[in-house]
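Per-entry structural report
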Amino acid sequence: MVKSTREILDPVDQQIVAALHGAGRDSWENVAARTSCSASTARRRFEALSDAGLVRVIGATDVSRLGIGTPVILRFRGVPGEVESFMAALGQRSDVRFLTAVAGSADCVAELVVPEMGDFVQLMTQLVDGTSITTESFVVTHTYRSGQDWLPWHDEAPDRAGQAGGQQDAAGRDLPSPVTISRVEAGVLSHLMTDGRIPVGVLAGAVGCSERAAAGAIESLRAKELLDFRVLVEPELLGYRAECFVWLDVVPGALQETAARLAAHPGTKYLSATTGRFGLVGQVALPGIADIHDYTTTVLGALPGVRSVDVTLQVATAKRVWTRVIDGAYAAPEGPIGVVAALGDGAARRDRER
């Protein structure tokens, strides 16, 4: 976060983070083979960072394909002194995946995973009831880049949609198919989303299955492209001390080209197409505040079909991937407790009905 003075991770720690990103359950021997240190040193360094709440290996999944809900990005505006308490309450909600205070045309930004869009109006009323907070919503219709995938030196395909095949969009491109998973898979996934390196034996005991079944569930989830392993780390520890949300009003005919170009930019952490007055909403990491001007003029200013741009600076990130951030460190793993519990309950019901 911008206001932090934490030191940047040293080169060896950065190598360990990069080695675990996408291969979070690898053995320490395999991790060491991709770094300049021994297996014991890699393990010791990672555990020190993890114990300090500076890094966390998590299991990343697709909430839409699982039927958990629809991601919605929300901008909130309130009077001074009210936003802080509002954010504190918002951060306690299990359906809030991301939350940050921002400077600019909004006071805070959140991402909620909404189970039923038919209940959306009631949910929005519930969120701001008794406050003067105003809100603006943007339903995510397509994700070009996931924030969980971002590392400044890590080469990830910016748009992973369509890998699973099945349905197609209007242009004939494959779209990921909705899937169902078993009770064991649901249980395994729920634990991996909070601790990607949990030992198989511990995982099996927590889920109530054999180690073989737990290991098989991990492989099954990965084969279904419902599970990847990522390292959660604050950008400031990698030398990126300014995070911004960019809100773009784009001519519809230029949306795809604009999104592809912006998704390919190395600073882009997150990018999605949304409903509302901004057709594209992105999140970008930059070395410092002084770099925002150049980024706005030379990167955003060069994009085709952009009618207007709004930039809001993240000043205090409170939650990432369902994990609270306190003074730049991650709190004890909690994960999407209510959301994943509902997923497990649904899987259990399906098992009983068979």
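Residues numbered from 1 in each chain as written. Predicted model: local features only at pLDDT ≥ 70, side-chain atom pairs only at ≥ 80, totals over all residues. Heavy atoms only, no water.

Details of the overall build of the protein
Assigned secondary structure in the protein consists of 11 helices and 14 strands. Put simply, the protein has 354 residues, and 51% of those count as buried. Sequence-distant contacts, at least 24 apart, represent 75% of the contacts inside the protein between residues at least 6 apart. Per element, the accessible surface of the protein, about 15,400 Å² overall, is 52% carbon and sulfur. (Helix = DSSP H or I, 4+ residues; strand = E, 2+ residues; numbered from the N terminus. Buried < 20%, exposed > 50% of the residue type's maximum accessible area, 1.4 Å probe, protein only. Contact = heavy atoms within 4.5 Å. Areas by Shrake-Rupley, 256 points an atom, 1.4 Å probe, with all protein chains shown as cover.)

Topic: the packing of helix α6 (residues 183-192) against helix α7 (residues 200-207)
Packing of α6 against α7 leaves a shortest axis separation of 10 Å and a crossing angle of 125°. Accordingly, the angle class assigned to the pair α6 and α7 is oblique. As for how α6 packs across α7, the hand of that crossing is right-handed. In this structure, α6 uses R183, V184, G187, V188, H191 and L192 to contact α7, whose residues at the interface are L203, A206 and V207. The class makeup of the residues in the contact of α6 with α7 is six nonpolar, two polar and one charged. (Axes fitted to C-alpha atoms, helices over the stretch in contact; angles between N-to-C directions. Parallel < 35°, antiparallel > 145°, perpendicular 65-115°, else oblique. Left-handed = near helix turned anticlockwise from the far one by under 90°. Nonpolar A, V, L, I, M, F, W, Y, C, P; charged D, E, K, R; others polar.)

What to know about the nonpolar core
By size, the foremost hydrophobic cluster in this structure holds 29 residues, and its most contacted members are V188, L192 and L203. Mapped by element, the contributors of at least two residues to this core are α6, α7, α8 (211-223) and β8 (228-233). With five residues, α6 is the largest single contributor of residues to this core. Leaving out residues up to four positions away in the same chain, L203 has contacts with V188, H191, L192, I198, A214 and I218. Core analysis: the second largest hydrophobic core is formed by 22 residues, W28, F46, L151 and V231 among them. (Core = buried A, V, L, I, M, F, W, Y, C linked by side-chain atoms within 4.5 Å.)

Some points on α6
Along α6, eight of the 10 residues are buried, which leaves the element largely enclosed by surrounding structure. Those residues of α6 that sit buried are V184, E185, A186, G187, V188, L189, S190 and L192.

Digging into the packing of aromatic side chains
Considering all chains together, one arrives at eight aromatic pairs under this definition. A ring pair is formed by W28 and F46, whose centres lie 5.5 Å apart and whose planes are at 45°; its orientation type is tilted. Here W28, found in helix α2 (residues 28-33), pairs with F46, found in helix α3 (residues 39-51); they are 18 residues apart in sequence, far enough to count as distant. F46 shares its class with W28; the two are buried. (Phe/Tyr/Trp six-rings, centres within 6.5 Å; stacked < 30°, edge-to-face > 60°.)

Quick look at α7
Residues L203, A204 and V207 constitute the buried set of α7. Take α7 and look down its axis: the buried residues cluster within an arc of 100°, on one side only. Tucked inside the fold, the buried residues of α7 contact α6 and α8. (Arc of directions from axis to C-beta.)

Observations regarding the confidence of the model for the protein
Detailed reading of the predicted model is not advised wherever pLDDT is low. The predicted model of the protein has a mean per-residue pLDDT of 87, with 85% of residues at 70 or higher. Taking the mean pLDDT of every element in the protein, the minimum, 36, falls on strand β6 (residues 166-168) and the maximum, 98, on strand β9 (residues 242-250). Here residues 350-354 is a poorly scored stretch, pLDDT under 50, and it has four contacts once near neighbours within four places are set aside; other chains count. (pLDDT = per-residue confidence, 0-100.)

Re the side chain of R97
One can find R97 in strand β3 (residues 96-103). Residues within four places of R97 in sequence aside, it is in contact with V63, P71, E111, V113, K319, R320, V321 and W322.

Concerning the pattern of salt bridges
Evaluation of the coordinates by the stated rule reveals 20 salt bridges. Across the pair R45 and D10 runs a salt bridge whose closest N-O atoms are separated by 2.9 Å. Here R45 is found in helix α3, whereas its partner D10 is found in the segment before α1 (11-20), with 35 residues between them in sequence. We classify R45 as partly exposed; its relative accessible area is 21%. One salt bridge in this structure joins R43 and E47, with 2.9 Å as the shortest N-O distance. (Salt bridge = Lys/Arg side-chain N within 4 Å of Asp/Glu carboxyl O.)

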